[in-house]
Each structure stands twice: as C-alpha cells, then as structure tokens.
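# Coordinates in review
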Amino acid sequence: MKKLISYISSDIYRWYGHSSFKFFLLALLKKRGFKFVFFMRLANFFDSIFFARFFFIIIYKVMKIIYSSDIDFRCRVGYGFKLHHVIGTAWGPNVEIGNNVTITHNVTLGQKNGVMPTIGSNVYIGPNACIVGVNIGDNCVIAPGSIVIKDVPKNAVVAGNPAKIISYKGSKDLIDFPFKTGAK
C-alpha cells in the first residue's frame, strides 16, 4: 500500500509541484488525466486481491468508456506519470513507461512483431503520436503526429512520418515538476 501511495503522490506532484491531500482532491476533481491514472493504478494494485480486484477493475473499465481510452491497467508505469486529456490513448499490458513521462491525447503505443514499446524516463509524447514496438530513450521528445518505427536514442527530439531525429535538445523544457526518486 505504501508503494501505491508513493506512486499516486508522485503523480500529484507532476501536476502541481506539491503533493498533499488538498492537491489530491483538486487533481481528482479537475484533472481528467490524473483521475484516469489514479483508477488505473488502483486496478493494477488490487488486481491480485480476489474480491477487491473486481470492484476496481469495473470502475477502471467505466473510466475507459467515459474517456474513450484503451489503456491496459497491467502496463508498468513509473513514478510521476502525467496523462493529459486521456482521450484516444491506447496501449497494451506489456508496455513499460519510465518516471516523469508526459503523454498527451490520441497517443498509440502499439506492438510490432510481438514487441511492445519501452518508454524511458523524462519523455514527452505529443498528440497523435504512434510508437510501434521500439525503445524510446530517456529525455526524449516525440513531436505531435510522429510515427516512430525505429529506436530513439536518449535526448533525441524526433518528428515526422516516419519519425527522424531533428535535434538532441531533449525534453527538459517540457517536463513540468519532475518527481525525483531513485526507484523505477
């Protein structure tokens, strides 16, 4: 339970730069992305507890319908996850997402040859991006509308269809309130 609270606290911090019960309530009431991720984390945490799992999975499935999202709650998501707008996002259970990742609307993380994407830490993924079966390094930016079909090295900024590296400026200007932790 302590680890779950730590994850939720880190998500709140990414939205406001502070983490307290007041900001938890504010995020739950005002931020769709936080609300969705909160119930996703609960469904993931309680998945192994027989009676509790049904309750939280049903709530999560209702949230998926409300927000037109198809994110599998069994994916592995690090600390400080910020999901903007939620709508149109989709990925499966084998996706791995690092710490301090920001994902916007209409993002698809799809499989290629049975391999799901791995997203590093401090990554920003813009609207309408599609990442298929590749590794995204730490501190990367995936520009809006990009189709990523090849691995992206750390600190790269990619754009286009297919995505090409346009700089190595990284994501430091796009990651608001990064949560500092030694865990992943």
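To keep things clear, this report deals only with the structure shown in the data block. Note that the structure is predicted; figures quoted are calculated from it, not measured. (Residues numbered from 1 in each chain as written. Predicted model: local features only at pLDDT ≥ 70, side-chain atom pairs only at ≥ 80, totals over all residues. Heavy atoms only, no water.)

### What about the pattern of salt bridges?
For the structure shown, the criterion picks out six salt bridges. For Asp 11, the salt bridge identified is with Arg 41, shortest N-O distance 2.6 Å. Placement of Asp 11 in helix H1 (residues 2-16) and of Arg 41 in helix H3 (residues 32-45) is noted, with a sequence separation of 30 residues between them. The exposure class assigned to Asp 11 is buried, which follows from its relative accessible area of 1%. Notably, a salt bridge pairs Lys 64 with Asp 70, separated by 3.2 Å at the nearest N-O pair. On the basis of relative accessibility, which here comes to 47%, the residue Asp 70 falls in the partly exposed class. Three or more residues joined by partner-sharing salt bridges are found here, namely Asp 47, Arg 53 and Arg 74. (Salt bridge = Lys/Arg side-chain N within 4 Å of Asp/Glu carboxyl O. Helix = DSSP H or I, 4+ residues; strand = E, 2+ residues; numbered from the N terminus. Buried < 20%, exposed > 50% of the residue type's maximum accessible area, 1.4 Å probe, protein only.)

### Focus: the packing of helix H2 (residues 21-30) against H3
Their axes nearest at 6 Å, the elements H2 and H3 cross at an angle of 105°. If you check the angle between H2 and H3, you find them roughly perpendicular. Contacts between H2 and H3 pair Phe 24, Ala 27, Leu 28 and Lys 30 from the former with Arg 32, Phe 34, Lys 35 and Phe 38 from the latter. For the contact of H2 with H3, a count of residues per class yields five nonpolar, no polar and three charged. (Axes fitted to C-alpha atoms, helices over the stretch in contact; angles between N-to-C directions. Parallel < 35°, antiparallel > 145°, perpendicular 65-115°, else oblique. Contact = heavy atoms within 4.5 Å. Nonpolar A, V, L, I, M, F, W, Y, C, P; charged D, E, K, R; others polar.)

### What about H1?
Helix length check: H1, at 15 residues, gives a terminal C-alpha distance of 21 Å against a target of 21 Å (1.5 Å per residue), a fit within 8%. Along H1, the residues classified as buried are Leu 4, Tyr 7, Ile 8, Ser 10, Asp 11, Ile 12, Arg 14, Trp 15 and Tyr 16. The inward-facing, buried residues of H1 abut H2, H3, strand S2 (76-77), strand S3 (82-83) and strand S6 (102-103). Gly 17, located one to two residues past H1, shows a positive phi value of around 80°. (Expected span 1.5 Å × (residues − 1).)

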